[in-house]
Amino acid sequence: MADYKDTLNLPKTSFPMKANLANREPAMLARWEKQNVYQQIRQSRAGKKPFILHDGPPYANGNIHIGHAVNKILKDMVVKSHTLDGFDSPYIPGWDCHGLPIELNVEKKVGKPGNKVTAAEFRTKCREYAEKQVTAQMKDFERLGVFGEWDKPYKTMNFGYEADIIRTMAGVVKNGHLHRGFKPVYWCTDCGSALAEAEVEYHDKTSPAIDVAFGVLDEEALLSRCHRPDGEQLHHGEGDMSLVIWTTTPWTLPANQAVAVHPELDYVVIQVEARSANDADATNNVEDIQTPKRLVVAEALMKDCMSNWGIEHYHVLAYCKGVELEKLKLQHPFYDRVVPVILGEHVTTEAGTGCVHTAPGHGVDDFIVGQRYKLPVENPVGANGVFLADTEEFAGQFVFKANQSIIDRLKATGNLLLHKNIQHSYPHCWRHKMPIIFRATPQWFINMDKEGLRKQAMDAIEQVQWVPDWGQARIESMIENRPDWCISRQRTWGVPLSVFAHKKTGEPHPDSVALMEKVAKQVEQSGIQAWFDLKVEDLLGDEASDYDKVHDTLDVWIDSGVSHHCVLDAREGLERPADLYLEGSDQHRGWFQSSLLTSLAFDGKAPYKAVLTHGFVVDAKGEKMSKSKGNVVSPQEVNNKLGADVLRLWVASTDYQGEMAISDEILNRTADTYRRIRNTARFLISNINEFDAESHAVPFEKMLPLDQWAVAQAQEIQEQIKTGYENYDFLGVVQKLHHFCSISMGGFYLDIIKDRQYTAKTGTVAHRSCQTAMHLILEAMVRWITPVLSFTADELWQLLPNRAEPTPFTEYWYQGLQSLPDDAKFSMEDWQQILEIKNAVNKALEEARKEGTIGGSLEAEVTLYCQPQLQTLLSQLGDELRFILIISKAEIVDFDQKPDALESSDLEGLVVVVAKVDAVKCARCWHRREDVGANKAHPEICLRCVDNVDGAGEVRQVG
């Protein structure tokens, strides 16, 4: 038997089937760095319209986790896809370098500032620590295939950046947004510092819930304001009269200054009969009521209160509105202090008694209502959460431990009605995960309303594109309800507030803006230490004795929040507002908000045009990742096992708008998807190994119809993929890409053209037509995958024939694809119907295989009973039909001639009959043809193969 292997166009490529990404990707990274690919990209887009994605800086502490990887990969896909669109899209990575976590880590090594090291030495150690963290994180980000200006990132601890933070704050001061106040703020006793709202998270906490009686000092005054609804005579009743409050923070009672009621609520005076100890509900710690009492609560909560207190025998003496209780005098439950009844809109009937214990030094609502009534703002608690030395009865006790002491004191005075523990959502420090307190201290604030900052922000939010759109409502609700922003911190490693406060009034110096610029120039030269070394008289001269240098540092959210000025305004090639900010959904209360407020406060301009939000990463069960659960997936492990391209594909394949599930199983499925894409690319590249586009390409109009369809199909997919990237629909992009590879190509086109590609005579139209199509498709496809599978795209690019550039990352979307012309013999709709017919035939072939009628599909001859419309379509294909169906013989018959016993296929108007073809197998193309042996010189092959071996090559006739 003759060997015809040398007459075949067999595939050949150095693009391996096994990607081995984990080992190959580092070498590619090294080459990219050596070739300075990022600068090549910048040069290729010089002068083009900019698209600026501004990087929200990760914190310089610890190894990157999977959430970091998601964020950076999403940003990289945005930047690379916009580069393909023709935009000049630089990426300047950044790091947030000041703040408490770094302080704590340095403290563990060198101790607290002021002990073993000076504050200046401590800041130096913090700077060194942060620099090491940046270097380590940067290496991990680069390993993900993320392009950026890694040699010149922005760091909030750079001297120039620190100086520009001060300059930005000078703008805030200039516009009248900064003020000093003595207000209750979130306070972490572990940090020993105020916290911003964005630094607070909520977790469940068990707290003592108590009901406490505040004695009424003038019973007649209260009863004189009450009535009976039936008009009957008012009975005064008997026993002590009290308003009852409910609180879950007993430790705040020493600072109590009033009891608040809602002006429009109905309140009742309840006569309670004495109850024996045997009636008490011990499990609820209900206190014995051994004498009659008169208790005042909201009518809507009366039954709940009586039930909670285990009281069965009671009746209402009188009714009144909350407004009628205003200014009544009450006795503090354990101090010799008289407190008033005040009115507050914040009082509700959702829980408790309808009477709210008010300590202006320990709550925002309390502070606000207290200002209206000029109540004292008393804060007996120190920075460490311990009651101050002059606190009566509780000095030296930590607040949460003092709860029990206060409860015991209430029992002793007979003013405790109920004590039970409840679990509820409570604010915690985001760093220490410890419960925090509200504590009134002198702090500096950005005022939300004095100069209209809140309204500016609400107006600006409406002009921004929010992706997904629910982000708008989320940030609006936060801005609408947020208090003034406490921006001062009592820390060592942070940018100083850089203002001088008058010793008597506490107001900033009237020339603060000019003074802050002078400070900024010094900080620009030697960093934040310049402020702490600065002597007041150096800047204020004769005024120095009247002013104090404020030693507070800025809330670290200011550092990153003002990057709009420190980076976007400062760096050449960038501009404000940025086209896009992209971060996790927690940043609606963090960076998105701090950036918006500081930008508007600085110069009235929004920092961004659009904001994209992604969700958090969870495990396959939807549970949060934790080392104790053993469900943590680290990006480093994925890179080392599967490669960064698989991780990138997982990010793109996941709906980032919600929680993003990851596990080994999910990643293995992603690896399967990757292999499908890679194998498709490998087939294409291996079959154009000797193809020269300049000399071998067939003009589109002369290509065979099937090849024209493949190119047109790629053109359609390309437009959909471009739209997907434009809309940040990366999941849609992957779905379109995977469908194209597995269905359009793998399940149809490539399967069909194998025969022609391998067996057609080299250089004929039949051969070059499909090679041209594969080349065009591959040129387009390598660009489609560049933003997602960056390593694989570059690997492919190096093997492309006639490539003009050394890297795909400087390319534009491929322009060589075409749509089918209007006069094409087969329309896209025709081809879709042909595809459906092929699917029906494939199903029939599979059934025939199972029944043993045939082995492979080339052993089959197929009879197609068709309705007229299908018959016309298939008849136009002529002999091409058998190649499309990958069978040896096909016959088209009128549908009316089908035997009655035959059932229709899934496709209406079509019946498929499969039989084993009665012909000899060609030794070269493996088709079973009756003309095998017709040529005596080549008795083992069919005449088509003879023509491809010794003749001019086959000519495909369609129709």
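Residues numbered from 1 in each chain as written. Predicted model: local features only at pLDDT ≥ 70, side-chain atom pairs only at ≥ 80, totals over all residues. Heavy atoms only, no water.

**Things to note about the sheet that holds strand β17 (residues 465-467)**
One open sheet accounts for 4 strands, arranged β1-β23-β24-β17; its pairing is parallel. Both outer strands of the open sheet, β1 (53-54) and β17, are each paired with one neighbouring strand and no more. The pairing of β17 with strand β24 (residues 610-614) spans 3 bridges and is parallel. Within the sheet, the bridge partner assigned to Trp 466 lies in β24 and is Val 611. Of the strands in this sheet, β1, β23 (580-584) and β24 are in contact with helix α18 (residues 591-603), which crosses β23 at around 145°. (Pairing = 2+ DSSP bridges. Helix = DSSP H or I, 4+ residues; strand = E, 2+ residues; numbered from the N terminus. Contact = heavy atoms within 4.5 Å. Axes fitted to C-alpha atoms, helices over the stretch in contact; angles between N-to-C directions.)

**Considerations on the sheet that holds strand β16 (residues 437-446)**
An order of β5-β4-β16-β18 is seen for the 4 strands of this open sheet, with the pairing classed as antiparallel. The open sheet has two edge strands, β5 (193-195) and β18 (485-486), and neither has a second partner. Of the pairings in the sheet, the one linking β16 to β18 comprises 2 bridges and is antiparallel in character. Bridge pairing links Phe 445 to Cys 486 in β18.

**Describing the nonpolar core**
In this structure, Ile 487, Trp 650, Phe 748, Tyr 749, Trp 784, Trp 831 and Leu 864 are the most contacted members of the largest nonpolar core, which totals 210 residues. Looking at this core element by element, the count peaks at 12 residues for helix α24 (residues 730-759). The contacts of Trp 784, once residues within four sequence positions are left out, are Ala 714, Ile 717, Gln 718, Ile 721, Tyr 725, Leu 737, Phe 740 and Trp 813. One finds Val 216, Val 269, Ala 318 and Val 381 within the second-largest nonpolar core, a separate group that totals 67 residues. (Core = buried A, V, L, I, M, F, W, Y, C linked by side-chain atoms within 4.5 Å. Buried < 20%, exposed > 50% of the residue type's maximum accessible area, 1.4 Å probe, protein only.)

**Observations concerning the packing of helix α20 (residues 644-653) against helix α21 (residues 664-686)**
Helices that pack against each other are described as a pair by the angle of their axes relative to one another and the distance between those axes. Closest axis-to-axis distance for the α20/α21 pair is 9 Å, and the angle between their directions is 100°. In terms of orientation, α20 lies roughly perpendicular with respect to α21. Residues Asp 645, Val 646, Leu 649 and Trp 650 of α20 form the contact with α21, whose participating residues are Ile 666, Leu 667, Thr 670, Ala 671, Thr 673 and Tyr 674. Of the residues that constitute the contact of α20 with α21, the class distribution is 7 nonpolar, 2 polar and 1 charged. (Parallel < 35°, antiparallel > 145°, perpendicular 65-115°, else oblique. Nonpolar A, V, L, I, M, F, W, Y, C, P; charged D, E, K, R; others polar.)

Distances and angles like these do not, on their own, reveal function.
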